[in-house]
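Secondary and tertiary structure notes
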Amino acid sequence: FTSNTGTPAAVTRLTNQYQQTITDAGGVPLIIAIDQEGGVVQRLTDGFSFFPTPLLVTGAGATLAQRYGETVAAELRAVGINMNLAPVADLETNLENPIIARRAFSSDAAVAAPILAAVVRGTQTFNFDSFSVIATAKHFPGHGDSRGDSHSVLERLDLSGATLGSRELVPFRAAIDAGVGAIMVNHIWYPAYDTERLPASLSYNVITGLLRDELDYTGLIMTDALDMNAIDLEFEFTQAAVMAVNAGVDLLAMGPGIDASVAERSLIRVIEAVRSGEIPAARIDESARRILTTKARFGLLDWQPLEPETAQDRVTAAGGAALLNDLFVNGVTVAYDNANLVPIPAATANVGMVFLGTRYQIQNDCQPYRPDMRLVVVSDAPADDEIARAAEVGRWADTVIVWTQNAISNERQQMLVNALPGSKTIAVAIWSPYDRLTYPGVAAYIATYSPAREAVPAACAILFGAQPARGQLAVTLGEIPAGSRDAN
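Reference entry: report on the structure contained in this document.

Criteria and thresholds
Residues numbered from 1 in each chain as written. Predicted model: local features only at pLDDT ≥ 70, side-chain atom pairs only at ≥ 80, totals over all residues. Heavy atoms only, no water. Pairing = 2+ DSSP bridges. Helix = DSSP H or I, 4+ residues; strand = E, 2+ residues; numbered from the N terminus. Contact = heavy atoms within 4.5 Å. Axes fitted to C-alpha atoms, helices over the stretch in contact; angles between N-to-C directions. Core = buried A, V, L, I, M, F, W, Y, C linked by side-chain atoms within 4.5 Å. Buried < 20%, exposed > 50% of the residue type's maximum accessible area, 1.4 Å probe, protein only. Salt bridge = Lys/Arg side-chain N within 4 Å of Asp/Glu carboxyl O. Disulfide = S-S within 2.5 Å.

1. Some words on the sheet that holds strand E7 (residues 182-185)
The strand order E1-E4-E5-E7-E9 describes an open sheet built from five strands, whose pairing is parallel. Each edge of the open sheet is held by one strand with a lone partner, namely strand E1 (33-34) and strand E9 (220-223). Bridging between E7 and E9 involves four bridges; their strand directions are parallel. Residue pairing across strands places Val185 opposite Thr223, the latter belonging to E9. Together, strand E5 (134-140) and E7 form the strand contacts of helix H5 (residues 161-177), whose direction differs from that of E5 by roughly 160 degrees.

2. A closer look at the nonpolar core
Here is a general trend for soluble globular proteins: nonpolar side chains tend to be buried in one another's company. If you look at the biggest cluster of nonpolar residues, it comprises 146 residues, and the most contacted ones within it are Phe140, Ile401 and Trp403. The dominant element in this core, judged by the number of residues it contributes, is helix H4 (residues 109-123), at nine residues. Once residues within four sequence positions are removed from consideration, Phe140 is found in contact with Leu169, Phe172, Ile183, Met184, Val185, Asn186, Ala200, Val206, Leu210, Leu211 and Leu215. In this structure, Ala241, Val245, Val270 and Ala273 belong to the second largest nonpolar core, which totals six residues.

3. Description of the sheet that holds strand E13 (residues 399-405)
Pairing within the open sheet is mixed, and its six strands lie in the order E10-E15-E14-E13-E11-E12. Single-partner strands in this sheet number two, and they are strand E10 (333-337) and strand E12 (374-378). Ignoring strand direction, the axes of neighbouring strands in this sheet form an average angle of 15 degrees. Taken together, the six bridges between E13 and strand E14 (residues 425-430) define a ladder with parallel strand orientation. When the sheet's bridge partners are listed, Trp403 is paired in E14 with Val428.

4. Brief notes about the pattern of salt bridges
Evaluated as defined, the whole model comprises 20 salt bridges. A salt bridge links Asp250 to Arg212; the nearest nitrogen and oxygen atoms lie 2.8 Å apart. Here the residue Asp250 occupies a position in the loop between helix H8 (237-247) and helix H9 (260-276), and Arg212 occupies one in helix H6 (residues 204-214), the gap between them amounting to 38 residues. The exposure classification of Asp250 matches that of Arg212, with both residues buried. Two residues, Glu278 and Arg269, come together in a salt bridge whose shortest N-O distance is 3.1 Å. A single network of salt bridges, built from pairs that share partners, joins Asp35, Glu37, Arg43, Arg103 and Lys138.

5. Considering the state of the cysteines
In this structure the tally under the stated criterion is one disulfide. Each disulfide pairs two cysteine sulfurs, and for Cys366 the partner residue is Cys460, the sulfurs being separated by 1.9 Å. Judged by the sign of its S-S torsion, about -95 degrees, the bond between Cys366 and Cys460 is left-handed. Within this pair, whereas Cys366 is found in helix H13 (residues 361-366), its partner Cys460 is found in helix H16 (residues 455-463), the two being separated by 94 residues in sequence. For the residue pair Cys366 and Cys460, the accessibility class agrees, reading buried in each case.

Any link to function would need more than the numbers given here.
Structure below.
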């Protein structure tokens, strides 16, 4: 977690200490895991690449998705981390979901599946000079359609087995086919599999019946963090550990809310359960064998310490900066262009641009293409007079560009765009691709998926024809399906 990370050198010293301690004690080298999803969840930031939302990766396509997985894994390998608790295989099907928003790769199973498979393949690419990184598809069997947060409550999700099979499970199947090393199970109750109020992470029917037997998954199965309230407000903690093992789990994740004494009691409780026959010894043997097999598969049994002083050089050599640029160049998406406005022809006489004053970079990156553009700078929550000035430019212009940032939750930005003449308006959404749902009348729509600085020059280049639009739409927007693109 972020609380015990730091610079590449600091993380390397920490992982060296972990591995030295276990090997000095005669143990097998450890699996060391972290959540390095990209976007809103990434634990390594100081000296590491800060990757944007997974939606941009989907926009950029499968080839770059594999390179993304390779690059993230290379940075983890550089500091001794051998398991990434990513990629998120959930679908962003519910905009009211408080936990999966901006963490999923798509809202559409068919669009997400090949991207997930590519990220898994990239993450797990064998490195002859080092170990490989285990990818973890999460949160099985699908957290995307929930309305609650399992950090706070055990939620019931009433999806039929048929719906799960045709939608939620599709990305997980793709990850399994790609050889994903681990799958994390969530803390949501699915009545389609259990009539008793039971989270998937403790459910034999979900873990062994569905994931092992029906989907024929042979890799590691782990729980989500067992200190989340969906578990610890519903079950006595040490008993939950026994239930998870009996359900077929191989690894029990304990987050920072679990102190050493609770972890110790849980270990003792599992041992006692084996001795009493509550947990069959064969169940333990099965998981131990699977863990050792996975460690052998990913080259983790032969641990060698890494040099902390050169850790930053190893991270930099992974090529994160170059990848980030390529993701935006290929991922920024013209979702549709009903009036053939993009790219704006040089012959277009009057071009106006309305943008947020907090993002002055937009003017710097776009104006060189059209120095004669008429500009309107507005605040993040435009006042009436700002909207009136923008509308005046909209009436004057042959084509008007308007930039929004999370207009989906900003009523004043919505009013701004809707005051412009839709038939000649190009809207560019920074960060949330869902802004268009609030101004459906615009003739053309571009999604950058991220507020990162690299998004702006890529969008400007597309607007004025300096580069083609290559991205695919990562999410469904009303009548515009995920996977759409309007290449120019």
